[in-house]
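Read off the chains here:
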Amino acid sequence: MATALGEEELDNEDYYSLLNVRREASSEELKAAYRRLCMLYHPDKHRDPELKSQAERLFNLVHQAYEVLSDPQTRAIYDIYGKRGLEMEGWEVVERRRTPAEIREEFERLQQEREERRLQQRTNPKGTISVGVDATDLFDRYDEEYEDVSGSGFPQIEINKMHISQSIEAPLTATDTAILSGSLSTQNGNGGGSINFALRRVTSAKGWGELEFGAGDLQGPLFGLKLFRNLTPRCFVTTNCALQFSSRGIRPGLTTVLARNLDKNTVGYLQWRWGIQSAMNTSIVRDTKTSHFTVALQLGIPHSFALISYQHKFQDDDQTRVKGSLKAGFFGTVVEYGAERKISRHSVLGAAVSVGIPQGVSLKVKLNRASQTYFFPIHLTDQLLPSAVFYATVGPLIIYFAMHRLIIKPYLRAQKEKELEKQRESTATDILQKKQEAEAAVRLMQESVRRIIEAEESRMGLIIVNAWYGKFVNDKSKKSEKVKVIDVTVPLQCLVKDSKLILTEASKAGLPGFYDPCVGEEKSLRVLYQFRGVLHQVTVPDSEALRIPKQSHRIDTDG
């Protein structure tokens, strides 16, 4: 990832930021910005040979940016591909009369073809490992007469079941995909396995079909057919037919699901299953940005139940979710509650406590790592013991927060520093060049800035007292981190026009006289300025627009 980011930094010569115009800027806005910078950097305005050479280089850069953005075709290419796209071979064969929309359409077509070729080289592996743990001896101890048995002083915790499954997908063509899957299971010393092969074909934009063949040592051959079809833009149906061959004969099965979008976030399902375990099920699922709600009712043999569940999604960086559910039926009643949280870029850790009659108390721990799932159901007791519920709830929380503070957080911090270091190394040459260009631009701005300050002082207008750009450390808990900022007072004063300063929604690193002092880290712009003889101050994130002066920036001298 660091390498990719580094390449992006090298390629990202932001012409819009260089000219300080919006990405939607009109030709008039581009022309006005170009003329202003030409007046600033024109080589004929400088007699010193060194300044003249620096001005010529910056003048050519501004001219190049204007040439690209003033031409509709090259601007469309730049908007899609960036500067690297302009250097790609093959654009000479593109018809000049093509509109930006047609160029974008051509790019999307080529991108889709490239994505299809890349998909054909991927196997998209998915897997699940489930390890069942019997820890009932922690709470359900034997009677006193068994305490003299050797080793009975310590609770016996054992693995009583295990399940492993894996599948891979191999795209054959743009519409055909082969799927190979297998599984192994064992419980209390007895086990078995199975292997399945499926061929899926996308028949149209509205549907697909899949043929499945399987075999295993516990069950005989399996033949199945799955069909999916969009009936309307808001309604679809799925049908799954299967023939299971065994020593008891052929066992047919049929499952049909009809679903309809009730609104933008809500889907209703009707399911009918006929075969070994016949049942009818209806459910409503509502999924929004902050919550997930499900209510379901099933009537069947041997299980009939009602289910209601709710999940709340916190809008934080760790994507924290808490959930709870109640399920009641002929088998008993189960209450389940838990939470899950993202612990790294590709990993999500979750835990849930299940309390039911007659199931007892269980703790379920799940780790999702990319496309792999690791599941650990731990059965604590067959009874409803408050102590088991307490330890199942509090124990995982204590362990998680301890691991997060002592292991996960330091590891992620070290990984981030490592990636940033790689990124800095890959962009070191480019950043050095940008720094030299920025310093040269500041030297060229001195005379213009002097005139601008004189004009602003005469009308008591906008004077930039101090301006800093980069990484600021305000949090006391991060005081060990190094502040990385550069002085941009002169470049900002140079952009002042008619007692106003307007910066667009783009990274400030591309502005004349600016460069990136801390690649890959969050940056801000802090400005202390004087307007009408009164001091003002404002701090804005790197990519946020800025318009000054503003009354809200005024410093309260009374305080």
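Each chain has its residues counted from 1, following the order in which its sequence is written. Owing to the predicted nature of the model, reporting of local features is limited to residues with pLDDT of at least 70; listing and counting of side-chain atom pairs is limited to 80 or more, with chain, interface and lining totals taken over all residues. To obtain the side-chain values, all non-hydrogen atoms of the structure were used and water was disregarded.

### Quick notes on the overall build of the protein
The secondary structure listing takes helices from DSSP runs of H or I that are at least 4 residues long and strands from runs of E that are at least 2 residues long, numbered from the N terminus. Helix and strand counts for the protein come out as 9 helices and 23 strands. For the protein, with 559 residues in total, the buried portion stands at 33%. For the protein, contacts bridging at least 24 residues in sequence account for 44% of all contacts bridging at least 6. The cut-offs for exposure are 20% and 50% of the maximum accessible area for each residue type, with area from a 1.4 Å probe on protein chains only; residues under the lower value are buried, those over the upper are exposed, and the others partly exposed. Residue contacts follow a heavy-atom distance rule, with two residues in contact if any of their heavy atoms lie within 4.5 Å.

### Concerning the pairing of strand β2 (residues 158-171)
What makes two strands pair is DSSP finding at least two bridges between them. With 9 bridges connecting them, strand β1 (residues 126-134) and β2 associate as antiparallel partners. When the sheet's bridge partners are listed, Lys126 is paired in β2 with Ser167. Two strands pair when backbone bridges link them, and β2 and strand β3 (residues 176-187) are joined in this way by 11 bridges, in the antiparallel orientation. Paired with Ala170 across the two strands is Ala178, which belongs to β3. Here β2 hands over to β3 after 4 residues, the two strands then running antiparallel side by side.

### Looking at the sheet that holds strand β22 (residues 534-541)
One open sheet holds the 4 strands; their spatial order is β19-β18-β21-β22, and the pairing between them is antiparallel. What marks the edges here is a single partner per strand, and that holds for β19 (484-487) and β22. Averaged over all neighbouring strand pairs, the angle between strand axes comes to 20 degrees, with direction disregarded. Bridge count between strand β21 (residues 524-531) and β22: 8 bridges; the pairing is antiparallel. Comment: axis = line fitted to C-alpha atoms, over the contacting stretch for helices; angle = value between 0 and 180 degrees taken between N-to-C directions.

### Some points on the nonpolar core
Definition used in this section: a nonpolar core is a set of buried Ala, Val, Leu, Ile, Met, Phe, Trp, Tyr and Cys residues joined via side-chain atoms within 4.5 Å. Of all hydrophobic cores here, the largest spans 28 residues; its most connected members are Leu19, Val21, Leu30, Tyr41, Val62, Leu69 and Met445. Where this core is concerned, the elements lending two or more residues are α2 (15-19), α3 (27-41), α4 (49-70) and α8 (386-458). Looking at this core, the element that brings in the most residues is α4, giving 9 residues. Here the bounds of each domain stem from an automatic or database domain assignment. Looking at which domains feed residues into this core, each of domain 1 (19-122) and domain 4 (426-558) gives three or more.

### A few points about the UniProt feature "transmembrane region" (unreviewed entry) in the protein
UniProt positions are given in the numbering used here, feature names are shortened, and annotations may be inferred rather than shown by experiment. Here the UniProt feature "transmembrane region" (unreviewed entry) sits at residues 388-408. Counted over residues 388-408, helix gives 100% and strand 0%. Its end C-alpha atoms are 27 Å apart.

### Looking at the confidence of the model for the protein
Caution is warranted with low-pLDDT regions, since their predicted coordinates should not be read in detail. Confidence in the prediction for the protein averages 83 pLDDT; 85% of positions are at 70 or higher. Every residue is assigned a pLDDT by the predictor, reflecting its confidence on a scale from 0 to 100. The low-confidence segment residues 1-12, where pLDDT is below 50, has 21 contacts with residues more than four positions distant or belonging to other chains.

### Details of α3
Residue count minus one, scaled by 1.5 Å, sets the expected span of a helix. Over its 15 residues, α3 runs 21 Å from end to end, which matches the ideal 21 Å to within 8%, given 1.5 Å per residue. Among all positions of α3, only Leu30, Ala33, Tyr34, Leu37, Cys38, Leu40 and Tyr41 are buried. Axial view of α3: buried residues confined to an arc of 155 degrees, hence all on one face. Those residues of α3 that are exposed and aimed more than 90 degrees away from the buried face are Glu28, Arg35 and Met39. Relevant arc is that of directions from the helix axis to the C-beta atoms, nothing else.

### A closer look at the environment of Gln423
By secondary structure assignment, the location of Gln423 is in helix α8. Taking the C-alpha atoms as reference, Gln423 lies 7.3 Å from Gly520; in sequence the two are 97 residues apart.

### Details of α8
With 73 residues, α8 ought to run about 108 Å at 1.5 Å a step, yet its terminal C-alpha atoms sit only 79 Å apart, falling short of that. We define the bend at any residue as the angle between the axes fitted to the seven residues before and including it, ending there, and the seven starting there. Most pronounced at Ala428, the bend in α8 amounts to some 60 degrees. Where α8 terminates, the next one or two residues include Met460, which has phi positive at roughly 50 degrees.

### A few points about the pattern of salt bridges
By convention in these notes, a salt bridge is any Lys or Arg side-chain nitrogen within 4 Å of a carboxyl oxygen on Asp or Glu. A full pass over the atoms with the stated rule returns 14 salt bridges. Residue Asp318 is joined to Arg341 by a salt bridge in which the shortest nitrogen-to-oxygen separation is 3.0 Å. Here Asp318 is found in the loop between β12 (305-313) and β13 (321-329), whereas its partner Arg341 is found in strand β14 (residues 332-342), with 23 residues between them in sequence. Overall, the relative accessible area of 23% leaves Arg341 in the partly exposed class. The residue Lys484 makes a salt bridge to Glu521 at a minimum N-O spacing of 2.9 Å. Highlighted residues: Lys484 in strand β19 and Glu521 in the loop between β20 (501-503) and β21, separated in sequence by 37 residues. With a relative accessible area of 22%, Lys484 lands in the partly exposed category. Glu521 sits in the buried class, given a relative accessible area of 11%.

### Section: the packing of aromatic side chains
Two rings from Phe, Tyr or Trp (for Trp, the six-membered ring) form a pair when their centres are within 6.5 Å of each other. A pair whose planes differ by under 30 degrees is stacked, one over 60 is edge-to-face, and the rest are tilted. Tallying each qualifying case throughout the model produces 9 aromatic pairs. Their ring planes at 15 degrees and their centres at 5.9 Å tell us that Trp208 and Phe228 sit as a pair that is stacked. Separated by 20 residues along the polypeptide, Trp208 in strand β5 (residues 207-216) and Phe228 in strand β6 (residues 222-232) bring together distant segments of the chain. Centroid distance Phe223 to Phe245: 5.7 Å. Interplanar angle 90 degrees. Geometry classified as edge-to-face. Residue Phe223 is located in strand β6, and its partner Phe245 is located in strand β7 (residues 235-246); the two are separated by 22 residues in the primary sequence. Take Phe223: its relative accessible area is 38%, and that puts it in the partly exposed class. Members of the aromatic cluster, joined through ring pairs, are Phe139, Phe390 and Tyr391. Its end group placed over the ring of Trp208, Arg200 keeps NZ or CZ at 5.2 Å from the ring centre. In this analysis the charged atom, NZ for Lys or CZ for Arg, is taken to sit over a ring once it is within 6 Å of the ring centre and within 35 degrees of the ring normal. The aromatic ring of Phe472 is capped on one face by Arg526, whose charged end is 4.2 Å from the ring centroid.

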